[in-house]
Structures are given as structure tokens and as C-alpha cells.
Amino acid sequence: MGYHIVVCAGIVPDPLQSLEPVMGPGGPGLKNEAMLPAVLDPWGAHALYEAAHLARQHADSKVWLVSFAPKAKLQQVMMTIAQKVAFELVAIDGAAHGFTDASGVAATIAEAVAGIAGLDRSKLLLFGGWESASRAAGATLSMAGERLGITDQFFGVDGITVGADGSFEILERVEGGQHQVSNCGGPPAVFGWATGSLHEPANNPQLGMTNMRALIPALQRAKAASPAPAGTFAGVAVPSQRRETRIVKDQSPDAIAKEIVEWIRQ
Amino acid sequence: MPGVATPESLRTLPTDEIRQLLWRLSDRYAHQLLIQSARAVARGPVARLVAAGQRHSHDWTPEKAALLQEFDAAGLTSVYLDPEHGGFIDGPKNLALALVAFELAWVDAGAATCSLAGHLALAPIHERGTPEQRAFYLSRTLPAQPGEDRQTWRGAFCLTEPIPYVGVETGLLNGKLRVDSWDGAEPMLRVEKRGRFITNMGFATFVTAAVDSDDERIKGSCMVVLEETDPGVFDRGTPTRKLVHQLSSTNDPIFSLTVPASRIVGGYTVENGVIVPRFSHGEVIEAVFRRTRVTVGLMTAAKLLSAVEPVLRYQRTRFRGGESIAPGSPRYELGLQQREDAIHRLVDIWAAGEASASIGFATARLFDELDPIERRKQEIFAERGIAGARAQMRAMAKISDEAVAHLRDPQAKPADELVNYALLDSVANVLCPAVKLWNTGQGATMMREAVSLMGGYGITEDCPGFLGYKWMDSQLEATYEGPEAVQRRQLSITMTNDVFLAQFHFWTREMRAIAARRPGTGACTIASAMQLWSWTLAHLQRTADANGAKLYQGNRQGVTFPLADALCWLLAARCQILDVLELEARAAERPDLADVSAGYVAFLSDLCHVQAARAAGEAGRICTELVYGYRRHPSWDDACAAGCCQSEAADALEGLIPGFGASAVTYMDVIEADGAHPDKAGPCVRFPALQTFQRLRAKLDGCLTGARLAKDRAADALTKVMIPEAPDYPA
């Protein structure tokens, strides 16, 4: 049986950048937001790689990537992501920072998913990040699923196994490094991915060129969406605790693990 | 200062969006994909290898060999291939290859060389090979696709030989070619060749080698393809003990092989029992090097631009950690950037990097434009029956006149294909050696500056951004594919081409027009310097030195080479200005850049102004030395005395002009009756024929107005620009 997998993934600033919240004329945002290099939200990216992996294993499957992001920045991000796996892009032109209201974004995404031509709801698997790197509320995917009428929802997913009868066995992350095992009869379902177990695919320009033929028109078709902000902000400020990043090279995995253990014990 | 608005400047280091506009890539999605792919390899596996100390070995280690799979997986191996052979970029690949080299060299130029050497091996086959040769070798270098079980072929390019002191000398060959047997239709050839400094030799499956005939049944020289399975000796040789570029495999191989004559690149004919290769090795190499030299120049440009962020980070954090340095204090926040010298020097490095990238990418784009036109020229000549180098040269001479005439309306695209070719080719012939010469030569000097700004790290392996390695690497790049003297020699010939000079004059007017529209770019300075250079060239071409010897002539490298150097400075600065104007124009069409484009344009314009001043200064210095330096300095001898005032004559004039005798010594060189002369450095020189030069030089000096203010603004911007919290590759 083939699946129609829709992955929801926005973009976030490159984690190597210094992020500083500022209050702009249009509301809260990040300092120099327009010029910060962006990456696909890491949680959403895991979901995308898992989706492509699942689609490769099941004939007649197809992957869509629904992305709510500023389309100019999204285009830059796609120069990398389009090279990693095969998918069709559905772009929604909107703000990518974490100050927008999750329910508004979810409604927009649900509307976009519902409007995908050729999408078979009976085969639909809605993939996305367990949470996002922009706000980590973990609410958007769930609400988008509800609006699409999908009530089988799983979060913190690290792996799914498709049974002979088409059912899924799902590993959901719980505390203490353990997993809760669930069973789901089949699509439609929502999977909010944790990190999974797949490595990041290498860039492949040949695949990128194939994706780009549909990707650029999709970006040009992107509709603008501006959901209401999550609330009013009296002010924004740099977090009181500064992040101290230490750059260490040539460190062995054992040494890194030892250091983490010592840090936890402090 | 109250009431004075802070001028807009850059907020973050230039992003991909900005670079795409500067370098005309915003609509070239394949190239953007390629950049991201090459970057992922460079800042991942390549950077880890360098950090792990793989540069400490000359040998081709398994760790280095693993890079080849990374190149394959990222599509870098197949960049050179046309879609019909499995590639993904249609049309010319000069810009694409340049971008790959740029991204890899951002981290390590040895890795860039390793990637590019395979393309260099294929280039003779691609440019001059027969359709069968192209199909056979190009398709085999494509990495195995999913489901395929085959080895990926990898190539090496073997020109250089162990002849003492000979580097890339296309005219000297020891490699020999003889007829081994000629029983049937296909002659078998014996190839004897010893290579030196051959990149990729540690793992090459095939080699394109230059050889000369050692047999009366073979005419001239050619290039042949050797395969590792050919009968005979295919000895990869010992690794070259290089100080630099150790992530590439460089050996001194020995070949003694028997190959079929069909391996002659471009094919051959048999005339009166003699094998006549279709192309000599020189013709093949000319077609190859005029393109690949540009990518080498861009490797050094990448080094300079990659140095900006590590130096900024070092300057800012220099004093952090000291007990007395409190967070929030100027010393904590700005570090070395409190002092003008540190940031001024960094501005110079950045400006040089921008200029070298601009001229490099402009040239790569030019070759992309030229490639199909050059093929069309060959077709037209074939249709008209114009064969042979001399016949083609005569035909092009006539077309050159038409091309010069066409420049009366330079904005119009020539209707005649050959005229268009003549115009583009004349510029390419200058820009290619200029990129190689200036980017690597001046780049090496500026890399020394960058390393010197890392004072606290010293020249150590811990120097962030691998700047120490990059400094050494840049010196090698100055000798790759022809050392500096080769480039200067080529420039001294091509820069006097009438078609080029006609375009150069047009560019001078173009710079003046830009200066009128955008006075802060330094375009006025460059226009004045271009005018001075043109005048100097014309003057030197018609003038003799004090001994009556002609000044501008092929063997007089003391004249021709410095003038070529001066031209390079100007061409690079011009390209830099044109790029910023392109950014300004295109960014205005982009709503997503509306808030920030003015800042980038302002900052990059200041860098242009800084670089223009430096370029004009160099050009002015060189021109002045050449114009005055070959005139005999006057002395108190008889020849000079004729031009001096005799004291008796001054005394005689005293009667007619009261006070003349006393004041003559102030304004003139007066010689006493006993031959005594004033106690001064020497007799004054006079320049009756050089008023125009003096006027142009004075104008040029005046054009430097505002350049230091631009540097101040740029330096101030460096203290405020936002940089990532951590480097994006280990260092």
C-alpha cells in the first residue's frame, strides 16, 4: 500500500547565529532576522527524512512538504533540502519566527493540506516535528491534525514499523530514555517526530535539479498568510542567562560523554 | 553625534542572497544547489580532515581517499559532465566549476584541487576529443548510480615533466611517442613519459598525457589517453613532498605503455603514411588552461573572504577571560577593534577579497558566454574552408577591424557572430591571465596580512580558519598552471590587442559615467587610473629609453611586466564596482531585501572605494616609474651643462634684468666658470613632453579624495557587524 505523506516543516535561524529578540514596528522579532541564514527546522527535517525513507519502501507513495515560511528565505533553504530527498513543495508565505499564534498557523497549514490536488485522505500520514526549534510549543502539528479530522496522533516518535496488515507499531519517547510502544491501525495518522534514527542524507544536485523543476513554481504560487500573533508583547529582552558556547576540536566521543556526565552530576 | 543620523551599513556578513546578486547567480538554481552541496562537503568532511591533521602527510591515506566518495555523493564529480553523460548542468561549466573550487577552497585548497584535477584530466577530451572519446570517458567518470555495479573512473592530467626548472612549459616535452606496430588499420603506439607533480596520480584510472613525436611516422606533438590496464608500466611514482595542498594526491609517475592510436585526443589522419594528430598538445592545452586558470584564481579569493569572520572573532574576543576585563566594557566587547590599525587592515583584506572574487567570477561567466561562440567560430571557419592556425589568424585580423569599428556603438550586440567572438575573445585573453596573476599573487600577500592579524595565535596550527595553511597554499596557487611570469608574458601580448584596447577605452568612459551617478564607489579614481595606464602604454609603445632602445617590446620585461601588473589592479577594481552596482539594481527589485540592501550597498561601495584607491595608487606608481624611469637622470656633465645656465651669462643678463644674477641660482642650475655647481642633490630634471602625463597623474592623486573616509566608515562597520556565535567548521 502506498502512503500520501505530508510533512509540515518551517524554517528557523541557523543555530550558530547569535539570536537577539527585538521589538520592531511590526511586533516582536529577531534582530537582523531577514539576513540570518536559515535552516529547515531540525525536528521537521527529521520528519522529512523519515517520510522519504518510508515512501521509498512502499510503492505508490508520495511526499509533500508543507512549509510556512518567508518564501525568499525558504527558497534559499530549499537549495539544500531539495537535494536530500524527493518531495513536492507546498509553500505558504508567512513569518517564520516563534511569535505567531500556533492555532492560526495550524489552521493555515490544514487548509493548505486540504487543498493539495490528488491527496488521498485515506492514505494520509501527517508528519512533522514533535516540537519546533523556533518556539518548542509542540502545539501546531496537533491542531493541524485535529482540523483535518485526524485523531490518531503520536508525538516524540523515534520509529515506526509497518506491519503485514498495514498497521503501525510506533515508538514514542518517554522519560528515562525509554519508549512507549503503540499500535495504530493505519492511515490517516499524525506523527510528531523526535529525532528518529536516520542520518542526514548527503546533498545531491542531480536530485535537487529534479525537485527544483516543481519547487520554484510552487514558491511563486505561495499564498501570503499572516495569522494573528500569539498575544501582545510588552517587550522583549535578551535572556538573562547567556549561552556560553565552547568550541573544542579533536575531542573523542568518550571524552565528550565523560564531560556530559560530569556536567549532569554538578 | 546628536542630530547626525548613523549611515546605514551592513548588519550581518554578506549572505547567500547578497552573493547571488553580486555574482549574478540569483536565477541560476543549479549553481545555487551546487554551492550548498560543495559547502556541505567543505565544512564537513574536508574541515574534519584538516583539523585531524591529515595535511601532515604527503601520502594518499585512506582518510583522504574517503573524500572522493564524499565528492561523488555530493555530485561534485559529475559537475563537468553534460546531461547526456549523466551531469546535471547544461551548457558551459566554467562558472559551476569556479563555484565548486571557491567553496572547497574556503576551507582547504588541496581538497579543491583534488576535486578539480579530475575535471582537468577530462578537459582535453571534452574540449578537443572526438565524440567517441567524449562518450567513453565522460560517462565512465560519472559515479555509479543506484543499482549499478561499476568502478568510477578518475583521471589525472600529465603535462609537467622532470626537466630541470621547467614548470608548466608547454613548449618543452621529454615524453615521447613512437609507432610500436602498424599491422592492421589501427596503429599501436608506444608512449614513454615521466611526469612530475601530477595531481590525482595516487588513484587515477586514466591519464591524459602530453607527448612529442619520436618517430618520423608521427607528426608533431599530441595528447594521448593512458589507462592503468594498458600493457606496460603504469607506475604511479612516489608522492611529491609538497609543503602545501596535502589533501590532494600528487606524485611523480612513470609510464611506458602501448596504446592504440585512437587514444590520441581529437583523433588523427594518416597522410602519406604519417600519423597526423588533429590537435597538437599545445592547442589542446591552450583550450584547457585558459579556462581552468580562472578557478585557481578564485581559490585564493575564497581564502581572503574566508579570513574575515575568523579575524573578526579573534579581534573581538582577544581580551575576554582576563579578570580585569568586565563584560560590557569596551575592551571586552570590542577587543582589538578598539584600535584603528586592526580594523583598517581587515578592511584591506576584505576589499582585496571582494575584488578578486569579482574579477574571477566575471571571467568565469565570460567564458561561459564565450564557449558556445567559440565552437560556432570553429564551425564557421570549417564552412569557409579556413584551416590552420595562420589562416585563422589572418581571417581574425580582418574581423578585428570590424570589431573595433563596432565599438562606436558598444551597447549594440554585434550582428556578426565572428565580430562578437572577436570582442569577447580579446577580453577573455586578458582577463584569464589577469585573474590568475593578480588573485594569486596579490592574494598571497594579503593572506600574509590576514595571518599577521591573528597575532595571539602566532603562526600555529591552531590559527582559526586554517589561515596559516591558506597563506602557504596561496603561494602554490601563484605557480599552478603557469607561474606568474607566464601570466605576465601572456598579458603583455594580449593587452595590446586593438580590440581589447578599444573596449578598455570604452570601459574608461563607462567608469566616468558611473562616477557621475554613484560618486562614492571609486569609479572616478579607477577611470583616471585607466586613462593614465592607457596614456602610459601608448607612450611606451612609441618611445625609446635614454640609450635609444625601444621601450615596449617582447623581451623588455622590465617594461611590459609591470604594466601588466598595473592593468590587473584596475581590472579587478572595475569588476568589483560593477558587481556592487548590480547588487544595488537587483536588490531594489527584491522586497525581502528592502530593509537591508542599502546597508550592504553602502558598505560594499566603501570597500570599492578603498580598493579603487589602492589600485589607482599601484597603477600610478608603476606608470610613473616607467614613464620617468627610463629617462636619463641629468648630471653635472657636458651633456647636462648645455641645459644649465652659465654664471657668466647670468652676470651679463644682470645688466639688462636687475637681480637676475642673484635669483638665477634659485630657479635654475647655474654653473660657475670653474665648473662648480650648486650644492644640491643634482641638477633639476625637466619634462617638456610629459605635461599630459603630469596632468593625468595630478588628477589621479586628486581622485583619491574621500578614500580614507570610506575606509573609516568600513572599519566602523566591522565593529558592529553581527557574526555567528561559533564558526561553522572546526578550526
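Keep in mind that what you see is a predicted model, and the values were worked out from it rather than measured.

1. As for the overall build of chain B
The helix and strand tally for chain B stands at 22 helices and 12 strands. Over its C-alpha atoms chain B spans a radius of gyration of 29 Å, differing by no more than 12% from the 27 Å that the globule rule assigns to 731 residues. Projected onto its principal axes, the C-alpha coordinates of chain B cover approximately 105 × 75 × 50 Å. Each of the 731 residues in chain B was classed as buried or not, and the buried ones make up 58%. Residue pairs in contact within chain B that sit at least 24 positions apart in sequence constitute 75% of those at least 6 positions apart.

2. Notes on empty space enclosed by the protein
Per the counting criterion, the structure on display carries six cavities of 30 Å³ or more. The space that makes up the largest cavity amounts to roughly 520 Å³. If you trace the largest cavity, you find 32 residues lining it, with A:Gly10, A:Val105, A:Ser132, A:Ser134 and A:Thr140 closest to the centre. Contributions of two or more residues to the lining of the largest cavity are made by β2 (11-13), α1 (42-57), β6 (62-69), α3 (102-114), β8 (124-129) and α4 (140-147) of chain A. Taken together, the residues of the lining of the largest cavity break down into 18 nonpolar, 11 polar and three charged. Quantified by volume, the second largest cavity comes out at close to 170 Å³. Along its surface, the second largest cavity is lined by 17 residues, and B:Thr77, B:Ser115, B:Gly118, B:Arg154 and B:Asn200 are the ones closest to its centre. Of all the elements in the fold, those that place two or more residues in the lining of the second largest cavity are α3 (62-73) and α5 (109-128) of chain B.

3. Quick notes on the interface of chain A and chain B
Contact with chain A, which involves 30 residues of that partner, is made by 38 residues of chain B. Taken together, the two surfaces of chain A and chain B that pack against each other cover about 2900 Å², and 59% of this comes from carbon and sulfur. Along the contact surface separating chain A from chain B lie one salt bridge. Of the charged contacts, one joins A:Lys73 and B:Glu17 as a salt bridge, the two residues approaching to 3.1 Å between their closest N and O atoms.

4. Concerning the packing of helix α11 (residues 417-452) of chain B against helix α14 (residues 498-517) of chain B
Residue and element names in this part refer to chain B. Where α11 meets α14, the axes come as close as 8 Å, and the angle between the chain directions of the two elements is 85 degrees. On the basis of the axis angle, α11 is roughly perpendicular to α14. Side by side, α11 and α14 meet where Ala422, Leu423, Ser426, Val427 and Val430 of the first sit next to Val499, Phe500, Gln503 and Trp507 of the second. Residue classes in the contact of α11 with α14 are distributed as seven nonpolar, two polar and no charged.

5. Some details on α11(B)
Residues and elements named next belong to chain B. Compared with the 52 Å implied by 1.5 Å per residue over 36 residues, the 50 Å span of α11 between its first and last C-alpha is a close match. At Ala444, α11 shows its maximal kink, close to 30 degrees. When you tally the buried positions in α11, you get 31 out of 36 residues, the bulk of the element. The distance from a side-chain oxygen at the start of α11 to the backbone nitrogen of Leu418 is 2.7 Å, and the residue carrying that oxygen is Asp416.

6. Details of unusual backbone geometry
Put simply, A:Pro187 and A:Pro188 share a cis peptide bond, and its omega is 0 degrees. The phi dihedral of B:His245 is positive, around 50 degrees, even though this residue is not glycine. Relative to the assigned elements, B:His245 resides in the loop between β7 (232-239) and β8 (250-260). Take B:His245: its relative accessible area is 0%, and that puts it in the buried class.

7. Let's talk about the confidence of the model for chain B
Mean pLDDT over chain B: 91, with 95% of residues reaching 70 or higher. Note on the complex model: pTM 0.92, ipTM 0.88.

8. Focus on helix α6 (residues 131-141) of chain B
Residues and elements named next belong to chain B. Every buried residue of α6 is accounted for by Gln133, Tyr137, Leu138 and Thr141. For α6, the buried positions fall inside an angular range of 100 degrees around the axis, keeping them on one side. Every exposed residue of α6 that faces more than 90 degrees away from the buried side is listed here: Pro131 and Glu132. Packing partners of the buried residues in α6 comprise α5, β5 (206-213) and β6 (221-227).

9. What about the packing of aromatic side chains?
Residues and elements named next belong to chain B. A full pass over the atoms with the stated rule returns 29 aromatic pairs over all chains. Ring geometry for Trp23 against Phe102: centres 5.3 Å apart, planes inclined by 75 degrees, an arrangement best described as edge-to-face. Of the two residues, Trp23 sits in the loop between α1 (16-22) and α2 (29-51) while Phe102 sits in helix α4 (residues 94-105), which places them 79 residues apart along the sequence. For Phe102, a relative accessible area of 3% gives the class buried. The residue whose ring lies beneath Arg331 is Phe319, and the NZ or CZ to ring-centre distance is 4.0 Å.

10. Looking at a nonpolar patch on the surface
Residues A:Ile256, A:Ile260, A:Trp263 and A:Ile264 make up a contiguous nonpolar surface patch of roughly 450 Å² in combined accessible area. Relative to the helices and strands, A:Ile260 resides in helix α6 (residues 253-265).

11. A few points about the pairing of β5(B)
Residues and elements named next belong to chain B. The element β5 is largely enclosed, with a buried count of seven among its eight residues. Relative to β5, strand β1 (residues 155-158) is paired through four bridges, and the arrangement is parallel. Bridge pairing in β5 places Cys158 opposite Ala209. Both strand β2 (residues 176-181) and β5 contribute to a ladder of two bridges, which runs parallel.

12. Brief notes about the packing of α11(B) against helix α12 (residues 467-477) of chain B
Residues and elements named next belong to chain B. Running from amino to carboxyl end, α11 crosses α12 at an angle of 155 degrees, the nearest separation of the two axes being 8 Å. In terms of their interaxial angle, α11 and α12 are classed as roughly antiparallel. As for how α11 packs across α12, the hand of that crossing is left-handed. The residues of α12 that touch α11, namely those facing Lys436, Thr440, Ala444, Met447, Arg448, Ala450 and Val451, are Leu467, Gly468, Lys470, Trp471, Ser474, Gln475 and Glu477. Broken down by class, the residue content of the contact of α11 with α12 amounts to six nonpolar, four polar and four charged.

Definitions and limits used
Along each chain, residue indices are assigned from 1 in the same order as the chain's sequence is written. Each chain gets a letter, beginning with A, and each ligand a number, beginning with 1, in the order they are written. pLDDT decides what is reported in this predicted model: residues at 70 or higher carry local features, side-chain atom pairs at 80 or more are listed and counted, and totals for whole chains, interfaces and linings draw on all residues regardless. The basis for every side-chain value is the complete set of non-hydrogen atoms in the structure, without hydrogens or water. Helical segments are the DSSP runs of H or I of at least four residues, strand segments are the runs of E of at least two, and each set is numbered from the N terminus. Both definitions apply: the radius of gyration is a C-alpha atom measure, and the globule rule equals 2.2 Å times residues to the power 0.38. Burial classes follow relative accessibility: with a 1.4 Å probe on protein chains only, a residue under 20% of its type's maximum area counts as buried, one over 50% as exposed, and anything between as partly exposed. In this analysis, two residues are considered to be in contact whenever any of their non-hydrogen atoms come within 4.5 Å of each other. Computed over the protein atoms alone on a 1 Å grid, cavities are sets of points where a 1.4 Å probe fits but cannot get out and pockets are open sets with protein on both sides within 12 Å along at least five of seven lines; a residue lines them when it has an atom within 4 Å of a point. Grid points are joined across faces, edges and corners, and a volume is the space filled by probe spheres set on the points. Think of it as three bins: nonpolar holds Ala, Val, Leu, Ile, Met, Phe, Trp, Tyr, Cys and Pro, charged holds Asp, Glu, Lys and Arg, and polar takes everything else, Gly as well. What gets called buried area is simply the loss in accessible area from a 1.4 Å probe that two parts show on being joined, summed for both. Note on definitions: salt bridges are taken to be side-chain nitrogens of Lys or Arg within 4 Å of carboxyl oxygens of Asp or Glu. Whenever a helix is involved, its axis is fitted only over the stretch in contact; in every case the axis is a line through C-alpha atoms, and angles between N-to-C directions fall within 0 to 180 degrees. Any angle between 65 and 115 degrees counts as roughly perpendicular, while under 35 counts as roughly parallel, over 145 as roughly antiparallel, and the rest as oblique. Every helix has an expected span of 1.5 Å times one less than the residues it contains. To get the bend at any residue, fit one axis to the seven residues that end at it and another to the seven that begin at it, then take the angle between the two axes. Residues adjacent in sequence count toward polar contacts only when both atoms are side-chain atoms; beyond that, a polar contact is any pair of N or O atoms within 3.5 Å, and within protein one must be able to donate a hydrogen and the other to accept it. The predictor attaches a confidence to each residue, called pLDDT, with possible values from 0 through 100. Arc definition: directions from the helix axis to the C-beta atoms. Between 30 and 60 degrees the pair is tilted, below 30 it is stacked and above 60 it is edge-to-face, where a pair is any two Phe, Tyr or Trp rings, Trp via its six-membered ring, whose centres lie within 6.5 Å. Only lysine NZ and arginine CZ atoms are considered, and such an atom sits over a ring when it is within 6 Å of the ring centre and within 35 degrees of the ring normal. The patches reported here contain residues having more than 30% relative accessible area and no salt bridge. Joining distances are 9 Å for like charges and 5 Å for nonpolar side chains (Val, Leu, Ile, Met, Phe, Trp, Tyr). Surface accessibility follows the Shrake-Rupley procedure with a 1.4 Å probe radius. Residue values consider only the protein chains on display as shielding. Strands were regarded as paired on the criterion that DSSP finds at least two bridges between them. Note: crossing handedness is left-handed where the near helix turns anticlockwise from the far helix by less than a right angle, and right-handed where it turns clockwise.

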